[in-house]
Amino acid sequence: MSATAASATATTGRWNRWPLPLRGWRWLAVVVAAVVLGPILVTVAAWGQIDTMIWSHLWSTVLGRLVTNTLLLIVGVGCSVLVIGVSLAWLTAVCEFPGRRFFDWALMLPLAVPAYVLAFTFIGIFDFSGPVQTLLRDLFGSSDWFPPVRSAGGVILVMSLVLYPYVYMLARTAFLAQGGGVMEAARLSGLGPWQSFFRVALPMARPAIAAGTALALMEALADFGAVAVFNYDTFTTAIYKVWFGFFSLETAAQLASLLLLFVALAVFGERYTRGRARFYQHGSPGSQPRIKLRGWRGIAAVAACVAVLGLAFVVPLIQLLWWVFAHSLADFNRQYLDLLMRTLGLGLMAAMITVTLALLLAYAKRVQPDWLTRRAVAASTLGYALPGSVLAVAVMLVFTRLDGWIAGMLGDPGNQWLTGTVWALLLAYGIRFMAVAFNSVDSALEQIRPSLADAARSLGAGPGRVIRQVYVPMLRPGLFAGALLVCVDVMKEMPATLLLRPYGWDTLAVRIFEFTSDGEWQRAAVPAVTLILVGLLPVMLLVRRSVVQRRRMAAPVPPAPEELHPAAPARP
Amino acid sequence: MHRFLLSGLLAAGLTVGGVAPVLADDEVVVYSSRQEHLIKPLFDRFTEQTGIRVRYVTDNAGPLMARLRSEGRNTPADVFMTVDAGNLWQAAEHNLLAELDSELLQDAIPAHLRDPDNRWFGLSVRARTVVYSPERVDADELPGSYEDLADERWHGRLCLRTSQSVYNQSLIATMIARNGADDTEETVRGWVSNLATQPFSNDTSAMEAVAAGQCDIALVNSYYFGRLLNQNPDVPLDIHWVGQDGDGVHVNISGAGITRHAKRPEAARQLLEWLAGEEAQSLFGALNMEYPAREDITPEERVASWGTFRADQTNLSEAGRLQTQAVMLMDRAGFR
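Peer 1: Go over the overall build of chain A, please, and point to the residues and values.
Peer 2: Within chain A, the secondary structure is distributed over 22 helices and four strands. By residue count, 53% of the 572 residues in chain A fall in the buried class. Residue pairs at least 24 apart in sequence account for 85% of intrachain contacts in chain A once pairs closer than 6 positions are excluded.

Here it is, written out as structure tokens:
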């Protein structure tokens, strides 16, 4: 009763069910996709020149290990974020246990921690010379039994701890949206609690969980900062080795495009197995009784939440603060206010631009879901899996070429119109984080059943009113969430910021780079703590939004068609 | 949310005004892979004395070089500055640096620390040697050479930084130049089999592992040891100069050159010559516990207390020329 799996309507003539049913949507999507794809194509175009010496060297020495390591990382991170994210989401969305209200929002906090920061903090705490093993040696004389920290397990743990919030957030929303009716129906048809979870709730939340896991995996694939701190060789490491060690930007781009191909296959694979099913959720959740966890079950739930939140957020923050107060308080000065404002400003600007583009793409896909539009839209989200530096160089190549043309036309070399401006940087952010914005916007749009617009129109509402009174209120949470996610991601972003920022546009991430690039972790703690605290702003807004959304969901939602009558205007 | 959007729009509006600065003639633009806190005090002093403003972008040398290449003759950069010789050699090789005929620089900077064709100049010297635990390493077993670290007596006692580090790449490149690839590969295999634990991502962590007892000896740049001492003067470690009976300590440079398409080559020359001057040379080392490139300038007090050493005189352009070969060699030897 709460969800229908409606197979996609026949494509022909579908677009005229939507407001603004312009035939030009397809071309709009193609143009946006072209802007996004331009730099990606530059990367792929590097295949024109193949350096066989480097390739045969890689093939005969390190490539095997790199591929194994990368697969291990993906499988490890994928499984862990699924288990951590889904189980915690289930606990906080459906169950009741002591402290649930706190963990409900607190478990989103690790979103503000950049992977590279958690990586060096983690090693600082747990490696042989860190406080934990030192204490163990003082107590027991040896810490040899301690599991190796700089290992595959360590990297997977760190990545999972910073990336699980993507799954947690989306899965939690999905579970909340299902409402109690689903579980009730499942239980009435004779399924036990575990069975109802695995056979009903989980499959229904699958699109959300898949989207979250995909984000986490793409981020894990593109990461360089964290794996570099662990000296764990992955495919990304190979890209940098070829670039910085062999000075072959072409071969680096070739490796990067292989990485993209891999991601593209995974994305299309997921779409394929999901089939053409669409879930339009329209329940009346919020009122269902929660599953009470008593006794050891309650304790286990609290322990799980404490363990994840402690490892991912509390303990690292304490270590960073300790470094700040013990070693580098003197570094803290008024400059940090500028850094902070700039970081936040870039995050907000990038968020607005990226979400606007994502909305155009998502809408085009709904109005004209033909082959070309769908492919263009899917391709536009690939940038998330490109390592930041590779993407930054690609954007730079495009912009310097344009600059060359402009300079040639004006006869004024030495002045740059695009490279080194904030626009180049914002474009790079847009390409890199389109997937993040698109997922939020698209799933918000997907919740608006076509029949809703039909109903509104059959009641005589013009396209303008349908947009104002149906689309805007229902889209707003998704747009807002997408913008906040992009904002957090941009503030944490390092390599593209480094290469493309204009003079004087240093951000907190840049300052972290200055210290960590030379192993000065204690001094990096000052910008790192500041960055985490700034990152908490959008994360808290996200949390607040999801709480508000839940309250809204408790009321009869979505607006019934009669609310569109002039006498009773719909309210968000 | 409206407030959120408004503040964003405001920020966007403010930005548009501040984009695309047009550079004046009394400015010089530096692309630097040396970190801001190590160069800004120098640049500030330079501006004070000459009135020339210095603008800079910091990043890794690789991306900066890619930027120089793709900007071509439209580049705003006048000076390219790195923390190693290999990247300067590459920049020169790709025709990104211009020859600078400066008697002052040629007199001040020793020949092995600058490009034979005068396209780049070392400004500070970084020595790569061993730091060890005096409790667990006897004075008479200290290594006489880098090759000696491959000896069996170091089995399970050695800590190294990753082979991704350009400092290790330069070291191996100069060893190839001296001993040939086969012997060097043999040595690197010996190092790898002596490792007490996986290579670290930075020199400081390697030294901390020695202090904590995970290994007994580590191969590091000397200024990292200086920094560690600044933080904790009681750290139970000591420094030893490798190669004093043989070819000397491997040194690298932090250096710079003028870009091929510099718009303000005169200001750029002024900056480089000022950086080779007495005041800048003492500051250069003092800021980061490095050695001045000029032999007539005494290093910072703590650095001077480690005594003098004989440096490897191999010209550093060899480090650039053989860097790719060095990376491949370390891959083959299993040095991660």
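Still to come is the rest of the account.
Peer 1: Go over the domain arrangement of chain B with me, naming the residues and quoting the values.
Peer 2: Residues and elements named next belong to chain B. What the domain assignment lists for chain B is domain 1 (25-125 + 252-299) and domain 2 (126-250 + 318-332). Between domain 1 and domain 2, the C-alpha centre-to-centre distance is 27 Å. Listing elements by their share of the side of domain 1 that touches domain 2, those giving two or more residues are helix H4 (85-93), strand E5 (121-132) and strand E9 (250-259). The element contributing the most residues to the side of domain 1 that touches domain 2 is H4, with five residues. Of the residues contributing to the side of domain 1 that touches domain 2, the split by class is seven nonpolar, six polar and two charged.

Peer 1: A description of the domain arrangement of chain A should follow, citing residues and the corresponding values.
Peer 2: Residues and elements named next belong to chain A. You can read the domains of chain A as domain 1 (17-49 + 332-572) and domain 2 (50-330). Across the boundary between the two partners, domain 1 contributes 48 residues, which contact 53 residues of domain 2. Contributions of two or more residues to the side of domain 1 that touches domain 2 are made by helix H1 (25-44), helix H16 (388-410), helix H17 (422-446), helix H19 (463-492), helix H21 (508-516) and helix H22 (521-554). With 18 residues, the top contributor of residues to the side of domain 1 that touches domain 2 is H22.

Peer 1: Please provide a residue-by-residue account of the packing of H16 of chain A against helix H3 (residues 61-71) of chain B, values included.
Peer 2: Interhelical geometry of H16 of chain A versus H3 of chain B gives an angle of 15° and a closest axis separation of 9 Å. Taken together, the axes of H16 of chain A and H3 of chain B lie roughly parallel to each other. Remark: the crossing between H16 of chain A and H3 of chain B carries right-handed chirality. Across from Ser389, Ala392, Val393, Met396, Leu397 and Thr400 of chain A in H16 of chain A, the residues of H3 of chain B making contact are Pro63, Ala66, Arg67, Ser70 and Glu71 of chain B. Each residue belonging to the contact of H16 of chain A with H3 of chain B can be placed in one class, and the counts come to six nonpolar, three polar and two charged.

Peer 1: Requested: an account of helix H8 (residues 203-212) of chain B, with residues and values cited.
Peer 2: Residues and elements named next belong to chain B. Taken across its ten residues, H8 has eight buried, putting it largely inside the fold. Of all the positions in H8, only Asp203, Thr204, Ser205, Ala206, Met207, Glu208, Ala209 and Val210 are classed as buried. Remark: glycine 213 follows H8 within two positions and exhibits a positive phi of approximately 95°.

Peer 1: How would you explain the environment of valine 81 of chain A if you had to name every residue and give the values?
Peer 2: Residues and elements named next belong to chain A. Mapped onto the fold, valine 81 is located in helix H3 (residues 63-94). Owing to 29 C-beta atoms within 10 Å, valine 81 belongs among the buried residues under this scheme. Residues valine 81 and alanine 216, spaced 135 residues apart in sequence, show a C-alpha to C-alpha distance of 7.7 Å. If we skip the residues at most four places from it in the chain, valine 81 touches Ser160, Leu163, Tyr164, Val167, Thr213 and Ala216.

Peer 1: Which residues make up the interface of chain B and chain A, and what values do they have?
Peer 2: For interface size, the figure often reported is the accessible area lost on association. At the junction of the two partners, chain B supplies 52 residues and chain A supplies 51 residues. Taken together, the elements giving at least two residues each to the side of chain B that touches chain A come down to helix H1 (2-17), helix H2 (36-50), strand E2 (53-58), H3, H8 and helix H14 (323-332) of chain B. For the side of chain B that touches chain A, the class distribution of residues is 18 nonpolar, 22 polar and twelve charged.

Peer 1: Outline the packing of H17 of chain A against H19 of chain A, supporting the account with residue identities and numerical values.
Peer 2: All names here are of chain A. Across the interface, H17 lies against H19 with an axial gap of 8 Å and an inter-helix angle of 155°. Considered as vectors, H17 and H19 are oriented roughly antiparallel to each other. Considering the relative orientation of H17 and H19, their crossing is right-handed. Residue-level contacts link Tyr429, Phe433, Val436, Ala437, Ser440, Val441, Ser443, Ala444 and Leu445 of H17 to Met474, Leu475, Pro477, Gly478, Leu479, Ala481, Gly482, Leu485, Val486, Asp489 and Val490 of H19. Across the contact of H17 with H19, the residue classes tally to 15 nonpolar, four polar and one charged.

Peer 1: Now, about the pairing of strand E1 (residues 27-32) of chain B: what can you tell me, with residues and values included?
Peer 2: Residue and element names in this part refer to chain B. The buried count for E1 comes to five of six residues, which makes it a mostly enclosed element. In this sheet, E2 lies alongside E1 in parallel orientation, the contact comprising six bridges. Across the sheet, the residue bridging to serine 32 is threonine 58, located in E2. The parallel pair E1 and E2 is bridged by H2, and the resulting crossover is right-handed. Examined bridge by bridge, E1 and strand E3 (residues 79-82) share three bridges and lie parallel to one another. Looking at E3, one finds that serine 32 is bridged to methionine 81.

Rules and cut-offs
Residues numbered from 1 in each chain as written. Chains lettered and ligands numbered in written order. Predicted model: local features only at pLDDT ≥ 70, side-chain atom pairs only at ≥ 80, totals over all residues. Helix = DSSP H or I, 4+ residues; strand = E, 2+ residues; numbered from the N terminus. Buried ≥ 20, exposed ≤ 12 C-beta atoms within 10 Å, placed from the backbone. Contact = placed C-beta atoms within 7 Å. Domains from an automatic or database assignment. Nonpolar A, V, L, I, M, F, W, Y, C, P; charged D, E, K, R; others polar. Axes fitted to C-alpha atoms, helices over the stretch in contact; angles between N-to-C directions. Parallel < 35°, antiparallel > 145°, perpendicular 65-115°, else oblique. Left-handed = near helix turned anticlockwise from the far one by under 90°. Pairing = 2+ DSSP bridges. Right-handed = clockwise from strand over helix to strand, strands pointing away.

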